[in-house]
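Coordinate analysis (summary)
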Amino acid sequence: EISDKLVKRITQSHIIQSVLYWVPAKARAKEMEDMRKLNKNIDKSNPKSVEKFHDATSKERHKTMLCLVEGDSALGGVLSGRDPKIVGAFPLRGKPINVYEMGVRDVVENKEFKNILTITGLQLGIAVNSINDVRFGKIVFTTDQDLDGFSIRGLLMNMLYKFWPELFKLGMVYILNTPLVKVKYKKDLLQFYSQEEYDVWLEKHQGEKFESKFFKGLGTSSSKEWKEYFSPDMLDQNLVQLKIETKEDDEMFKLLFSKEKGMTDERKLWLALQEEV
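Let me sum up the structure you'll find in this document. (Residues numbered from 1 in each chain as written. Predicted model: local features only at pLDDT ≥ 70, side-chain atom pairs only at ≥ 80, totals over all residues. Heavy atoms only, no water.)

1. Comments concerning the packing of helix 6 (residues 147–163) against helix 11 (residues 247–257)
Test applied: Simply put, an axis is a line fit to the C-alpha atoms, just over the touching stretch for a helix, and the angle between two N-to-C directions goes from 0 to 180 degrees. Starting at the N terminus, helices and strands are each numbered in turn, a helix being any DSSP run of H or I of at least four residues and a strand any DSSP run of E of at least two. Oblique is the label for any angle not covered by the other classes, which are roughly parallel (under 35 degrees), roughly antiparallel (over 145) and roughly perpendicular (65 to 115). Note: crossing handedness is left-handed where the near helix turns anticlockwise from the far helix by less than a right angle, and right-handed where it turns clockwise. Throughout, a residue-residue contact means that at least one pair of heavy atoms, one from each residue, lies within 4.5 Å. Note on residue classes: Ala, Val, Leu, Ile, Met, Phe, Trp, Tyr, Cys and Pro are nonpolar, Asp, Glu, Lys and Arg are charged, and everything else, Gly too, is polar.
At their nearest, the axes of helix 6 and helix 11 sit 11 Å apart, and the two run at 125° to each other. In terms of orientation, helix 6 lies oblique with respect to helix 11. Handedness of the helix 6/helix 11 crossing: left-handed. The residues of helix 11 that touch helix 6, namely those facing Gly154, Leu155, Met157, Asn158 and Tyr161, are Asp250, Phe253 and Phe257. Looking at the contact of helix 6 with helix 11 residue by residue, the class counts come to five nonpolar, two polar and one charged.

2. Some points on the packing of aromatic side chains
To keep it simple, the criterion reads: Within 6.5 Å between ring centres, the rings of Phe, Tyr and Trp (the latter by its six-membered ring) count as paired, and their orientation is classed by plane angle as stacked under 30 degrees, edge-to-face over 60, tilted in between. Relative accessibility thresholds used throughout: buried, under 20% of the residue-type maximum; exposed, over 50%; partly exposed, between the two (1.4 Å probe, protein chains only).
This model, assessed by the stated rule, comprises 15 aromatic pairs. Considering the side-chain rings of tyrosine 161 and phenylalanine 168, the 6.0 Å spacing of their centres and the 70° angle between planes classify their relative orientation as edge-to-face. Summarising the burial analysis for this pair, tyrosine 161 and phenylalanine 168 share the class buried. Ring geometry for tyrosine 161 against phenylalanine 253: centres 4.5 Å apart, planes inclined by 10°, an arrangement best described as stacked. One end of the pair, tyrosine 161, is in helix 6; the other, phenylalanine 253, is in helix 11, and 92 residues separate them in sequence.

3. As for a nonpolar patch on the surface
As a reminder of what qualifies: Within this analysis, patches are made of residues with over 30% relative accessible area and no salt bridge. Like charges are joined at 9 Å or less; nonpolar side chains (Val, Leu, Ile, Met, Phe, Trp, Tyr) at 5 Å or less. Every accessible area reported is derived by Shrake-Rupley at a probe size of 1.4 Å, with residue values counting cover from the shown protein chains alone. Salt bridges are defined as contacts in which a side-chain nitrogen from Lys or Arg sits within 4 Å of a carboxyl oxygen from Asp or Glu.
Taken together, Ile2, Leu6, Val7 and Ile10 make up a surface patch of nonpolar side chains, about 350 Å² in accessible area. Looking at where valine 7 falls in the secondary structure, it is placed in helix 1 (residues 4–11).

4. Observations concerning the pattern of salt bridges
This structure, assessed with the given rule, holds eight salt bridges. Ionic pairing is found between arginine 61 and aspartate 55, a salt bridge with its closest N-O pair at 3.1 Å. One salt bridge in this structure joins glutamate 225 and lysine 213, with 3.2 Å as the shortest N-O distance. Remark: lysine 213 occurs in strand 7 (residues 211–214) and glutamate 225 occurs in helix 9 (residues 223–229); sequence separation between them is twelve residues. Judged by relative accessible area, which is 35%, lysine 213 ranks as partly exposed. Within the structure, one salt-bridge network assembled from shared partners comprises Lys182, Lys213, Glu225 and Glu228.

5. Remarks on helix 3 (residues 72–81)
What counts here: Comment: arc refers to directions from the helix axis out to C-beta atoms.
Among the residues of helix 3, Ala74, Leu75, Gly77, Val78 and Gly81 are the ones counted as buried. Seen end-on, helix 3 carries its buried residues on one side only, within an arc spanning 160°.

Printed below as a string of structure tokens:
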């Protein structure tokens, strides 16, 4: 039998401690190697080679914005209404990956993730020190005003925050809010950005005459409406900057995206509380 005293001496020996330090260090070194390989490949890639990517043409890159768009149908709307000098666009296929607990080796296997790196010029393991380090001055999540659209926004926030949290401090991450409902009421054109907002108005105007148009998704907006969305006045109103400023903001990523034991129950409780609110 091995005594507890001997076990303690062994586990506290410099050899064991060296192994314990060496294992995570080796894993980190492998991650860094994977990052360097990916960054080297990204540097060689031409953004024009990315399928369905439509670049902004302005040489004043800090004035441009990249719309990460939910699907091909919405992409058509963005292209019909954008100023091609200022607005670039790339359609996302389905929901982005949840990178919260993924290792670099797994992340770099995702084609869409690599396309986003190629398009933006972002590099793994390399911090963004200024707006000039990225090919666009703004990264704009352009998704439907429904739960799927909100989920996509969250996953994109999670992706950028894990690898480049400084993008939020630099004020480079945005959401493009588009109307969920438009109402012609008397001489006014009203726009509502959530079902709750519209329901409150509807309750106050029961029995009155008005015309309403629901936008099931971004693809239901006309070319004329997309031109309005990208007009300076509408952008000032609908382009919402995302900020992550507190420890509570940081902890929300763990609550919403972690797969650790116990987090699922906490997440369900949080969601239930939101529904009550």
